[in-house]
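Results of the structural survey
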Amino acid sequence: MDVLGAYKAFVAVSGYGSFTLGAAAARIPQSVASRRIAALEEHLGARLLDRSSRNVTLTPFGRELLPAARRLVDLAEALEHDAERARLRPLRLAVPAVCAPPRLARLVVEARRHDLNLDPHPAGPHERGELVRTLEVRAALVAVPPETAGWRVPLGLAAGAREALGDGDGADERGGALYVETLRAGRGGTRERRRRIWVQPEDDVPHVRDRVTRLGAAVGLLPAQVAVSASLVGAAAEVLGSTDLLLCSRDQADELDLYWCPVGELDLARGYDLVAGAREDGHRLRTPLGAAIARCLGATGATTPAGATTPAGATTPTGPTTPTGPTTPADPTRAITPAGSTGPGRFRDPATVAPDDRALR
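Structure report, in brief. (Residues numbered from 1 in each chain as written. Predicted model: local features only at pLDDT ≥ 70, side-chain atom pairs only at ≥ 80, totals over all residues. Heavy atoms only, no water.)

Focus: the overall build of the chain
When helices and strands are counted, the chain shows 11 helices and 13 strands. The proportion of buried residues among the 361 residues of the chain is 47%. Counting only contacts in the chain whose residues sit at least 6 apart along the sequence, the fraction spanning at least 24 positions is 77%. As displayed, the chain has an accessible area near 17700 Å², and 53% of this comes from carbon and sulfur atoms. (Helix = DSSP H or I, 4+ residues; strand = E, 2+ residues; numbered from the N terminus. Buried < 20%, exposed > 50% of the residue type's maximum accessible area, 1.4 Å probe, protein only. Contact = heavy atoms within 4.5 Å. Areas by Shrake-Rupley, 256 points an atom, 1.4 Å probe, with all protein chains shown as cover.)

Written out as structure tokens, the structure reads:
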């Protein structure tokens, strides 16, 4: 017997004093309402309604049970309402601030296909893990070394003019790579302006910034030739107005109308992994949306973790995620894709992701 349905029928019929009107209010056929109430009376062992008169009236037993039946029905309706609200509650995800709005919009659309109401929250690399810890977001894509990342975004150098990359001086014509050693100041005794490599805020993390800084020192660049910008717009403006170079992904170069090539001496990449405050949120994001997140980041692919820890210390099950490749730019002469592969991904405990650079050394 459908006990809740029977109590709903009983409350509706008793309220209207009519099986016809009560069944219509409960959105069930009159015959169904009659059968449910009869089954409830048999279950309780006494009659609830007096059907002898033209109008249906409550028996003394029915009057005693009606208040409790109403509370039960009201509670069930409130529970259904809360369940609907919980299902539609936005899942706020901290994402890199460099993710372009069209890519984020496509990620939201893909999430809706999996009954996820995703709410992306762009933030810097040092903020995203902290937002999970403070419960301002339910999950975050945090910056990690590429060899331990779930998503890997190759990095290279971009310039405002093709000649700044392929003039035969700094670029390797065979591989299309730009060697940083060719940027040494005063090369050939000239007093030309010292070209700089600009590091944007998203790459101001040790596993990217420190590698570029060490490379510059190793090949003889002056310290000022590797500069960290306070904003991507500021760095792009410096590059567009000079022969300076921007450290960025190929997709970013396309968006900024820059020419891009890989770094000759290093295989540089951003690494991203997913942290979530609750195990369920990690599953809901990682399992169906791994490939969509890769496309949003401009990653070379997404890997599914073999096991993952959550704040509670539970292990997540395995499951394959379809890898995706980098998108082809509108102008194929502007990009040369370096070789690279994804590393093993894993969910990470937000408590282990420190908000400052020291945690990533």
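Notes on the pattern of salt bridges
Scanning the entire structure with this criterion turns up 16 salt bridges. Across the pair Asp 251 and Arg 103 runs a salt bridge, and its minimum N-O distance is 3.0 Å. Here the residue Asp 251 occupies a position in helix α10 (residues 250-255), and Arg 103 occupies one in helix α5 (residues 101-113), the gap between them amounting to 148 residues. Ionic pairing is found between Asp 204 and Arg 209, a salt bridge with its closest N-O pair at 2.6 Å. (Salt bridge = Lys/Arg side-chain N within 4 Å of Asp/Glu carboxyl O.)

Structural notes on the side chain of Arg 103
A relative accessible area of 13% places Arg 103 in the buried class. In this structure the side chain of Arg 103 is engaged in a polar contact, spanning 3.0 Å, whose partner is the side chain of Asp 251. Engagement of the side chain of Arg 103 in a polar contact is seen with the backbone oxygen of Arg 295, the distance being 2.6 Å. (Polar contact = N/O pair within 3.5 Å; in protein donor to acceptor, adjacent residues only side chain to side chain.)

Section: the pairing of strand β3 (residues 91-96)
Counting buried positions along β3 gives five out of six residues, so the element sits mostly inside the fold. By the bridge criterion, six bridges tie β3 to strand β4 (residues 118-123) in an arrangement that is parallel. Each residue of the ladder has a partner; that of Val 95, found in β4, is Pro 122. For the crossover from β3 across α5 to β4, the handedness is right-handed. In this sheet, strand β5 (residues 139-143) lies alongside β3 in parallel orientation, the contact comprising two bridges. In the strand pairing of β5, Leu 93 is matched with Ala 139. (Pairing = 2+ DSSP bridges. Right-handed = clockwise from strand over helix to strand, strands pointing away.)

Overview of the nonpolar core
Core analysis: the biggest nonpolar cluster contains 25 residues, and Trp 151, Leu 285 and Leu 297 have the highest contact counts within it. When residues of this core are assigned to their parent elements, the largest contribution, seven residues, is made by helix α11 (residues 279-297). Counting residues in each nonpolar core, the second largest holds 24 residues, with Val 212, Val 226, Leu 247 and Leu 268 among its members. (Core = buried A, V, L, I, M, F, W, Y, C linked by side-chain atoms within 4.5 Å.)

Digging into unusual backbone geometry
Even without being glycine, Leu 135 reaches a positive phi, approximately 65 degrees. Looking at the secondary structure, you find Leu 135 in the loop between α6 (128-133) and β5. Given the relative accessible area of 72%, Leu 135 is considered exposed. For Asp 257, which is not a glycine, the phi torsion comes out positive at approximately 60 degrees.

Some remarks on the environment of Pro 96
The topology assignment puts Pro 96 in strand β3. Judged by relative accessible area, Pro 96 falls into the buried class, the value being 0%. Note: C-alpha distance between Pro 96 and Val 142 (46 residues apart in sequence) is 8.0 Å. Residues contacting Pro 96, with those up to four places away along its chain left out, are Pro 122, Ala 123, Arg 128, Leu 141, Glu 202, Tyr 272 and Leu 297.

Remarks on helix α2 (residues 19-26)
Within the span of α2, buried status applies to Phe 19, Gly 22 and Ala 23. One side of α2 holds all its buried residues, which, seen down the axis, span an arc of 100 degrees. Considering only its buried residues, α2 is in contact with α1 (3-16), α3 (30-44) and β1 (49-50). One side-chain oxygen at the N-terminal end of α2 lies 3.2 Å from the backbone nitrogen of Thr 20; it belongs to Ser 18. (Arc of directions from axis to C-beta.)

What about the packing of α2 against α3?
Interaxial distance between α2 and α3 falls to 8 Å at its minimum, and their mutual angle equals 100 degrees. Viewed along their axes, α2 and α3 adopt a mutual orientation that is roughly perpendicular. Between α2 and α3, the residues in contact are Phe 19, Thr 20 and Ala 23 and Gln 30, Ala 33, Ser 34 and Ile 37, respectively. The residue makeup of the contact of α2 with α3, split by class, is four nonpolar, three polar and no charged. (Axes fitted to C-alpha atoms, helices over the stretch in contact; angles between N-to-C directions. Parallel < 35°, antiparallel > 145°, perpendicular 65-115°, else oblique. Nonpolar A, V, L, I, M, F, W, Y, C, P; charged D, E, K, R; others polar.)

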